Every structure is written in structure tokens, then in C-alpha cells.
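Examining the three-dimensional arrangement
Spelled out, the chains give:
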Amino acid sequence: MSANHDDHHDAPDGHGRALRLGIGGPVGSGKTALTAALCRSLGPSLRLGVVTNDIYTTEDADFLRRAGVIDPDRIMAVQTGCCPHTAIRDDIAANVDAVETLEERFGPLDLVIVESGGDNLTATFSRGLADRQIFVLDVSGGDKVPRKGGPGVTSADLLVVNKTDLAPMVGADLTVMSRDAAAVREGKPVLFTSIREDRGAHSVAEWVAGIVESWRHQHSHSHLS
Amino acid sequence: MDGTAAGGPAVNGAAPGMPPTHGLAGLLLLADSRLPAGGHAHSGGAEEACRTGAISGPEDLARFLRGRLATAGRVAAALAWSACVAAHDPKFPDMRRPNSHNTAPDGHAHAADAATAWRLLDAEADARIASPAQRLASRTQGRLLVRTAKRVWPSTALGTLAGAVPDGAHHPIALGAAAQAAGCTPAQAAMAAAYTSVTGAATAAVRLLGLDPVTVHRVLAELPLADLTDSVIAEQHDWSALPAHAAPALDLLAEQHLRTEVRLFVS
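Below, the structure is looked at part by part. Model, not experiment: these values are computed from the prediction.

Looking now at the overall build of chain A. Each helix and strand in chain A was counted, giving 9 helices and 7 strands. At 17 Å, chain A has a C-alpha radius of gyration in line with the 17 Å of a compact globule built from 225 residues. Across the 225 residues that make up chain A, the buried fraction comes to 54%. Sequence-distant contacts, at least 24 apart, represent 79% of the contacts inside chain A between residues at least 6 apart. Surface exposure of chain A reaches about 9900 Å², of which carbon and sulfur atoms provide 51%. Across chain A, the mean location of the 22 positive side-chain charges is 5 Å away from that of the 31 negative side-chain charges.

Given below as C-alpha cells:
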């Protein structure tokens, strides 16, 4: 390698690389299930990589490997030193390293999903790590959660409310959640899912396919076309 | 070495003619735990020591940190000092002996020679880290630090180092090169290396055991960071004679940690 090797990853512009999609949300809301569902739905048409940020162990990465929805080598696990939000927001170095390793090893890729460790409502991804982000809630946390807001709920590019099949059992009113989310999100999209019933999370997959397509359109190298 | 490199900036701590604040802003940014270079997820063996019960309170932690500073910390400080001296010297590469230079007729080192010299210094670091797990952790931190520092403080030395050791130079080498790029003196680079050799482990123990953070900061304040740094600077070794203090307990902790199923930290 030349001493003057020009490292094209130095600048975080998006040219010539995959779209980086962050998936965040509280513990147990279904981030890993959504990641698996997206791999299931999008794997046949897109070149994928996945980075997981387990709170501890490699539980999430192992779940994805066992699910058989993606080549296990295309999943990388990052340890976060007790601070899952630090690893996706304040000090993203290890996650960026993992994303770039996947791109170097398997690239070119279309989409790299970075799944955060379960955290709280204030956790969001740095723009230096994720180009777009999804925040995942579930109905069992109560239908007041969207109203309470927080950066994840209000600012994510897509809010997913998962486990709608449980709504009648936990007394969650989906109409209230939908109305409150629309109010705090100022028109940004909200999708309701039950990944247990729709194992491909098709509405979310369709949204992701759309942003990958527009990303590719905006960031393709003009000199290659 | 007389403290200055011909035609280059002063390389020692108390250089005459330098303002007293010289390099300090860079040092503060570089040593800050908020530096976004991945350091927050490394415990330097403290997680495994907490898990096995070797660290259970502030007294154990203080002993652990004193040992870490006197071994891994001392070696890291000397390596960071050497790397910073090398990065400061316009006639780099041949820094195996501080006063011998092997330069092109125009007085500047060829980039290829500089790359060879960086690999040599990195190999000196490699030879001083017995545990493969610690080598891996050191290279990972070095790679992330170089990548971050190249964007924060672009410099020739960092570019050459990144190209010379693309999988990641050892962390103290990266720290020395980054310190030069940040405007620090080699003494400040050595201090940053000594400081980061203990602060990550201390913070990890606070998070894992719920220790009183003020008590732990007092433990840190009582560590002989300045004495250690001063003595490292006073020695000014050739690369091959740099300190090589082994810490078998840290090696074992690192190896066990990598094999532990439940872990929150990378190392």
C-alpha cells in the first residue's frame, strides 16, 4: 500500500458507498426482529451488511446468524463498553470501522444496517454514522410513548410501532399512538407492524427500498455512468 | 539529543522560547475521554479483573492501576514519546538512534523510508506486547485513533503511518503521531499515553461495579503520572532499548477476557 494512499473514507460524504441505515429503540421493541425481517425481504434484491451493537454478548448477532437470513460473515458485532448510545452518537469510531470493514470485504454493498444496542428514548444515531435512521417502539410500552417524544421518536426518518398484535392485550390504543406520533413528528412517516405476523415487515422493507433507490440515484459516481 | 531537531520545532517538554501553553490545547483534546476514537469501549483488563473478583473496590482498583501504569503505561509512554519525536523530525526516517539520520540529498526523508521506519517502530511495540488479545486491542485502538486524528489534525506523519501500517499501528505509536499533528511536544505525548493507560480502566470499574466516581478520581489523582512521564523522558532510549516491562497478569486477563462470553468492553 502506498504511503500516499488516499483514504476515500476520510470524508463522510456518501459517494461510492452503501446507504447506512441506523435502527434504534428501547430494549425488546423488536430491533433485531426488524433487522432480520429486512434481510429476509431485501436480501434477494440488495447487497447487504449488518452491524450489531449488543449490550453484552453477541446475542443479537447470533440471533441473526441462526435466523439464516444473511451470510453470517456479513454480520459484525461491536462492543459498546456499557454505553450503547455513546457508540452510535458520541464516539462512533468502532461502528464506522465495522461498516467500512464490511464494505471493504464484501463491497460494493447497497445497504448496511447498523442496529443499536437497546437504549432509551433519547438515543439517536450520529449523522457521521447513519445516513437515515429508523426508531422502533412497541405497543406494550404503553400508548403514551409517542406523545412523550424524545429525539428518537421525533427526529427519526421513520418511526415503526411494532407488536400491534399485542395492542388489545395491553390496552394500547393504536389510534392514539398514530395521532400523537403524527403530531410530534411533523409529518414524517410512521408505520405500524407486527413482525411476528408479517415476517418480512413488508411496509418497512418497501420504505427502505425506496430510500436505497434514491440514495443510489443521488450518490452514484458521475464518471462511472 | 539537544531538545530540538534541526530546522524543526522544539521536541522536548520545557523548550526555551516556547509559550507555556504550547501544545496544551492539543493535549487536552487528545487525552479527553470524549475524543471520538473508540477508547470508551476498552477497559484495559479491568472488566475481566472485575468479573474474576480481582478488582472489587477502590483499594483493589488502586493497586491494579499502579501496576498497569508501571508496566503497560511506562512502555506506552516511551513508545508514544519516540513516535512523537519521529513525527516531529523533518529528517525522519532513521530514528533507531536519535542522532543518526539517513536522508535524501535534499535533507528530506523519502516517504518509502519513512514508512519503513514507522513499521520498525511499530514492530518494537509489537515485541513488547506478549498477549495476542492485547495486540489486537492495541492495533484496533491505534487504527481508530489514526482515522480520527487524520480528520481532526491532518498531517504528513499520520498519512504516512496510516499507509505504512494499514491494519492499524499500535495505539502508543498512533498516539505519538497524533500528538505531533495536534501540536504537542513528545513529553506531552508521553503524558497522554501514561494518562490513557489508566483512565479507561478506572472508568470501566466505575461503570461495572458502581464505585463512587469521586473516590476513583482521587485514586487517579494520586497516581505518579508526572514522575513516570519525567523518568521516561529522561531515559530517551534508542528504539531497540525502549522499556519492555512485562505484566503477565494483564496478559492473562486480556486472554481470558477475549474468551468470556458475556462482556461489555472490547478489551
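This part is about the overall build of chain B. Looking only at helices and strands, one finds 11 helices and 0 strands in chain B. For chain B, the N- to C-terminal ordering of α and β elements is α-α-α-α-α-α-α-α-α-α-α. In chain B, which comprises 267 residues, the share counted as buried stands at 56%. Long-range pairs, those at least 24 residues apart, make up 79% of the contacts in chain B between residues at least 6 apart in sequence.

Let's shift gears to unusual backbone geometry. Residues and elements named next belong to chain A. Residue Pro108 is bonded to the preceding Gly107 through a cis peptide linkage, with omega at 0°. Topologically, Pro108 is positioned in the loop between helix 4 (93-106) and strand 4 (111-115). Non-glycine residue Glu186 carries a positive phi angle of around 50°. One non-glycine residue, Ala201, lies in the positive phi region at around 40°.

Moving on: the environment of B:Leu29. Residue and element names in this part refer to chain B. Tracing the backbone through its elements, the reader meets Leu29 in helix 1 (residues 24-31). Along the backbone, Leu29 and Ala182 are 153 residues apart, and their C-alpha atoms lie at a distance of 8.6 Å. For Leu29, the residues in contact, after removing those within four places along its chain, are Leu35 and Trp153.

Residues and elements named next belong to chain A. Following both chains from N to C, one finds helix 1 (residues 31-42) and helix 9 (residues 202-219) inclined at 70°, their axes separated by 9 Å at the closest point. Looking at the two axes, helix 1 sits roughly perpendicular to helix 9. Crossing of helix 1 over helix 9 shows right-handed handedness. Packed against helix 1, whose contacting residues are Leu34, Leu38, Ser41 and Leu42, the element helix 9 presents His202, Val204, Ala205, Val208 and Ala209 at the interface. Taken together, the residues of the contact of helix 1 with helix 9 sort by class into 7 nonpolar, 2 polar and no charged.

Attention shifts here to the nonpolar core. Grouped together as the largest cluster of nonpolar side chains are 77 residues, with contacts concentrated most on B:Leu30, B:Phe64, B:Leu65, B:Trp118, B:Leu121, B:Leu161 and B:Ile173. Examining the composition of this core, we find that 17 residues originate from one element, helix 3 (residues 58-88) of chain B, more than from any other. Non-local contacts of B:Ile173, meaning those with residues more than four positions away in its chain, are made with B:Leu79, B:Ala83, B:Trp118, B:Leu121, B:Asp122, B:Ala125 and B:Leu161. Membership of the second largest hydrophobic core comes to 32 residues, among which are A:Ala36, A:Leu38, A:Leu158 and A:Trp215.

Further remarks concern the pattern of salt bridges. In the structure shown here, the tally under the stated rule is 23 salt bridges over all chains. A:Glu100 is the partner of B:Arg147 in a salt bridge, and the nearest nitrogen-oxygen pair spans 3.3 Å. Here B:Arg147 is found in helix 5 (residues 132-152), whereas its partner A:Glu100 is found in helix 4 on a different chain. Taking relative accessible area as the criterion, B:Arg147 reaches 18% and is therefore assigned buried. Salt bridges linked by common partners bring A:Arg47, A:Asp110, A:Glu213 and A:Arg216 together as one network.

Let's shift gears to the side chain of A:Asp180. Residue and element names in this part refer to chain A. Positionally, Asp180 belongs in helix 8 (residues 174-185). Classification of Asp180 by relative accessible area gives buried; the value is 8%. Setting aside residues no more than four positions away along its own chain, Asp180 makes contact with Asp143, Pro146 and Arg147.

Residue and element names in this part refer to chain A. One open sheet accounts for 7 strands, arranged 3-2-4-1-5-6-7; its pairing is parallel. The open sheet terminates on both sides in strands that have one partner only, identified here as strand 3 (75-77) and strand 7 (190-192). Each strand of the sheet is rotated relative to its neighbour by a mean of 20°, with strand direction disregarded. Relative to strand 5 (residues 132-138), strand 1 (residues 19-24) is paired through 4 bridges, and the arrangement is parallel. Note on strand 5: the bridge partner recorded for Leu21 is Arg132. Against the sheet, helix 4 contacts strand 1, strand 2 (48-52), strand 3 and strand 4, and its axis sits at roughly 155° relative to strand 2.

Criteria and thresholds
Residues numbered from 1 in each chain as written. Chains lettered and ligands numbered in written order. Predicted model: local features only at pLDDT ≥ 70, side-chain atom pairs only at ≥ 80, totals over all residues. Heavy atoms only, no water. Helix = DSSP H or I, 4+ residues; strand = E, 2+ residues; numbered from the N terminus. Rg over C-alpha atoms; globule rule 2.2 N^0.38 Å. Buried < 20%, exposed > 50% of the residue type's maximum accessible area, 1.4 Å probe, protein only. Contact = heavy atoms within 4.5 Å. Areas by Shrake-Rupley, 256 points an atom, 1.4 Å probe, with all protein chains shown as cover. Lys, Arg positive; Asp, Glu negative; His and termini not counted. Charge placed at Lys NZ, Arg CZ, Asp CG, Glu CD. Axes fitted to C-alpha atoms, helices over the stretch in contact; angles between N-to-C directions. Parallel < 35°, antiparallel > 145°, perpendicular 65-115°, else oblique. Left-handed = near helix turned anticlockwise from the far one by under 90°. Nonpolar A, V, L, I, M, F, W, Y, C, P; charged D, E, K, R; others polar. Core = buried A, V, L, I, M, F, W, Y, C linked by side-chain atoms within 4.5 Å. Salt bridge = Lys/Arg side-chain N within 4 Å of Asp/Glu carboxyl O. Pairing = 2+ DSSP bridges.

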